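# Architecture at a glance
This is what each chain is made of:
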Amino acid sequence: MRTLFGQSIAVFAQLTGPEHIVVTANPAFFAAIGGSDRARTGIPLAELMPELAGQGFLDLLDRVYRTGEPYTGRDARVLLGEGPHPREAFFDFTYEPHRDAAGTVTGIRVIGMETTQVKHAQRLMAEHRALLEQIARRAPLAEVLDGMARSIEELSADEVLVSVLLADPDGRHLRHGAAPSLPGFYNEAIDGIATGEGVGSCGTAAHRREPVIVTDITTDPFWDDFRDLAGRAGLAACWSTPILARDGALLGTFAMYHRTPRIPHDTDLALAHLFAGTAALAIERHHIEQAQQAAEARAKAAHDELARTVRSEQALRAAAEERAAAAAELTERMRAAAAAQAAAPHPEHCQLGGASGCTAAAELKVADSWGDSAWGCPVHVEEAILNVRSVFIASEELGGLAAYVNR
């Protein structure tokens, strides 16, 4: 059995007795549960893997040992390792009772296959599909980027903190986009950093238009100006990937931070490449929407201005028509009054002397715009014109007094 499972990717362990003492196990088993530090035999499984307590697996072993009935699990989730960040793993496995010649159960064979990568791939596909659906339904950019960052942090086997920075239109500075797990003071400090050689991982990646991998912030010269800041934030490694548009223009950067110095694995690089592309789709869509909104705002402003101009023209035209109608009416009334007065006889004495009368000869005729007229002497005619000057000014909009004198 050891030869069969010795080089297999399947996990195998032989347990004996009611305490499930590990008699033997293949390298894949020890690698799955934590590596060389746990490559020990001759001790109970509960002592080798104390984190199993409370997860149900030891209870299942007890049941199989007691009943002799095998048990098979599919995509069983288990947290491996102690400490604040245990490794989440998934297994297809079988607990198979081992019997002696008399048929008595003496132990259990554990046979399984780790399905963690398959499970994570399925979750990755589901999360990626959800992000694409958000982009398709035009969800706000901040919501998409924040959701993307959280998804990657949850999907990664090791603790990772994700940051997305957005490039200014001129590509010379990077602005905060999303970083749900980074400290607020850190996000504020790097908001607006310049792009350029040696400006941290992100500024350099944006400048070079290629990924920049910093495995140890404490020694890398790119982080000379930000080393203290990173130390206060508890950051030890940063891998940054530029986010590029289809035409190669800089859209931003996608960064993965770690609490300890680390080099990326192939899966890490693939994850960064996939989500940098997804972020590019979201950011380009956002830029297109902004351009559309700006164009629509300009078109609306032009339409509103045209409407105001049309209304002003209509008001001016209406006022002009009113004035023309009033002038026409006034002209007609003056003509009628002139015709009526034409036949009136010329009086002998001045009619403008007031209550005391005036015996001077009537020499001049004064008339206003309304057709009222009277004959008078030169002195009283001049007084009449002076007295009505203010009336002339006040009534100028309606054609004025239009006083005239004739003999």
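So, how was this worked out
- Residues numbered from 1 in each chain as written.
- Predicted model: local features only at pLDDT ≥ 70, side-chain atom pairs only at ≥ 80, totals over all residues.
- Heavy atoms only, no water.
- Helix = DSSP H or I, 4+ residues; strand = E, 2+ residues; numbered from the N terminus.
- Rg over C-alpha atoms; globule rule 2.2 N^0.38 Å.
- Buried < 20%, exposed > 50% of the residue type's maximum accessible area, 1.4 Å probe, protein only.
- Contact = heavy atoms within 4.5 Å.
- Areas by Shrake-Rupley, 256 points an atom, 1.4 Å probe, with all protein chains shown as cover.
- Phe/Tyr/Trp six-rings, centres within 6.5 Å; stacked < 30°, edge-to-face > 60°.
- Lys NZ or Arg CZ within 6 Å of the ring centre and 35° of its normal.
- Pairing = 2+ DSSP bridges.
- Salt bridge = Lys/Arg side-chain N within 4 Å of Asp/Glu carboxyl O.
- Axes fitted to C-alpha atoms, helices over the stretch in contact; angles between N-to-C directions.
- pLDDT = per-residue confidence, 0-100.
- Expected span 1.5 Å × (residues − 1).
- Parallel < 35°, antiparallel > 145°, perpendicular 65-115°, else oblique.

Each helix and strand in the protein was counted, giving twelve helices and 14 strands. On C-alpha atoms alone, the protein measures out to a radius of gyration of 48 Å, which is more than a quarter above the 22 Å that the 2.2 N^0.38 rule sets for 407 residues. Once the C-alpha set of the protein is aligned to its principal axes, its extents read approximately 160 × 55 × 40 Å. Residues classed as buried in the protein amount to 40% of the 407 residues present. Considering only contacts within the protein whose residues lie at least 6 apart along the sequence, 49% involve residues at least 24 apart. Surface exposure of the protein reaches about 22800 Å², of which carbon and sulfur atoms provide 55%.

What follows covers the packing of aromatic side chains. In this structure the tally under the stated criterion is seven aromatic pairs. Ring centres of Phe93 and Tyr95 lie 4.8 Å apart, and the angle between their planes is 50°; on these two criteria the pair is classed as tilted. The exposure class assigned to Tyr95 is buried, which follows from its relative accessible area of 6%. An aromatic cluster is present here, built from Phe57, Tyr71, Phe93 and Tyr95 joined pairwise through their rings. Geometry around Phe90 places Lys119 over its ring, the cationic atom sitting 5.6 Å from the centre.

Turning our eyes to something else, we now look at the pairing of strand 2 (residues 21-25). As paired elements, strand 1 (residues 11-16) and strand 2 share four bridges and run antiparallel to each other. Looking at strand 2, one finds that Gln14 is bridged to Thr24. Hairpin connection of strand 1 to strand 2: four residues between the antiparallel strands, including Gly17 at a positive phi of 75°.

Within the chain, His20 stands out as a residue other than glycine whose phi angle is a positive 55°. You can see His20 is positioned in the loop between strand 1 and strand 2. Classification of His20 by relative accessible area gives buried; the value is 5%.

This part is about the pattern of salt bridges. By the definition in use, this model includes 15 salt bridges. For the salt bridge of Glu143 with Arg137, the shortest nitrogen-to-oxygen distance reads 3.9 Å. You can call Arg137 exposed: its relative accessible area is 54%. Across the salt bridge formed by Glu313 and Arg317, the nearest N and O atoms sit 2.9 Å from each other. A residue pair is termed a helical-turn pair when its members lie 3 or 4 positions apart in one helix, as Glu313 and Arg317 do in helix 10 (residues 266-342) at four residues.

In this section: the sheet that holds strand 8 (residues 193-194). The strand order across the open sheet built from six strands is 8-7-6-11-10-9, with neighbouring strands paired in antiparallel fashion. Both outer strands of the open sheet, strand 8 and strand 9 (212-214), are each paired with one neighbouring strand and no more. Across three bridges, the pairing between strand 9 and strand 10 (residues 237-244) is antiparallel. Directly across from Val212, in strand 10, lies its bridge partner Ser240. Contacts from helix 6 (residues 141-155) reach strand 6 (161-167), strand 7 (173-178) and strand 11 (250-258), with the element oriented near 150° to strand 6.

This part takes up the pairing of strand 12 (residues 364-367). A regular strand places its side chains on the two faces of the sheet in alternate fashion. Side-chain alternation along strand 12 places Leu364 and Val366 on one buried face and Lys365 and Ala367 on a second face that is also buried. In the sheet, strand 12 pairs with strand 13 (residues 373-376) via four bridges, with the strands oriented antiparallel. Looking at strand 13, one finds that Leu364 is bridged to Gly376.

Moving on: the confidence of the model for the protein. Parts of the model with low pLDDT should not have their predicted coordinates read in detail. Per-chain confidence: the protein averages 84 in pLDDT, with 90% of residues scoring 70 or above. In this model, residues 397-407 is a region of pLDDT below 50 whose contacts with residues beyond four sequence positions or in other chains number 30 contacts.

A separate point is helix 8 (residues 200-208). Counting buried positions along helix 8 gives seven out of nine residues, so the element sits mostly inside the fold. Listed in full, the buried residues belonging to helix 8 are Gly200, Ser201, Cys202, Gly203, Thr204, Ala205 and Ala206. If you follow the buried residues of helix 8, they end up packed against strand 6, strand 7, strand 8, strand 9, strand 10 and strand 11. The first or second residue beyond helix 8 is Arg209, which carries a positive phi of 60°.

So, on to the sheet that holds strand 2. Read across the sheet, five strands follow the order 2-1-5-4-3 without closing on themselves; strand pairing throughout is antiparallel. Either end of the sheet is taken by a strand with one partner, and the two such strands are strand 2 and strand 3 (71-80). Looking at each pair of strands side by side, their axes are set apart by 30° on average, direction ignored. Sheet strands touched by helix 5 (residues 116-136): strand 3, strand 4 (87-99) and strand 5 (105-114). Its angle to strand 4, the strand with the most contacts, is close to 140°.

This part takes up helix 6. The terminal C-alpha atoms of helix 6, which comprises 15 residues, lie 21 Å apart, in line with the 21 Å expected from a rise of 1.5 Å per residue. Those residues of helix 6 not exposed but buried are Leu141, Val144, Leu145, Met148, Ala149, Ser151, Ile152, Glu153 and Leu155.

In this section: the packing of helix 5 against helix 6. Interhelical geometry of helix 5 versus helix 6 gives an angle of 180° and a closest axis separation of 10 Å. The orientation of helix 5 relative to helix 6 falls into the category roughly antiparallel. Touching His120, Arg123, Leu124, Glu127, Leu131, Gln134 and Ile135 of helix 5 are Glu143, Val144, Gly147, Met148, Ser151, Glu154 and Leu155, all from helix 6.

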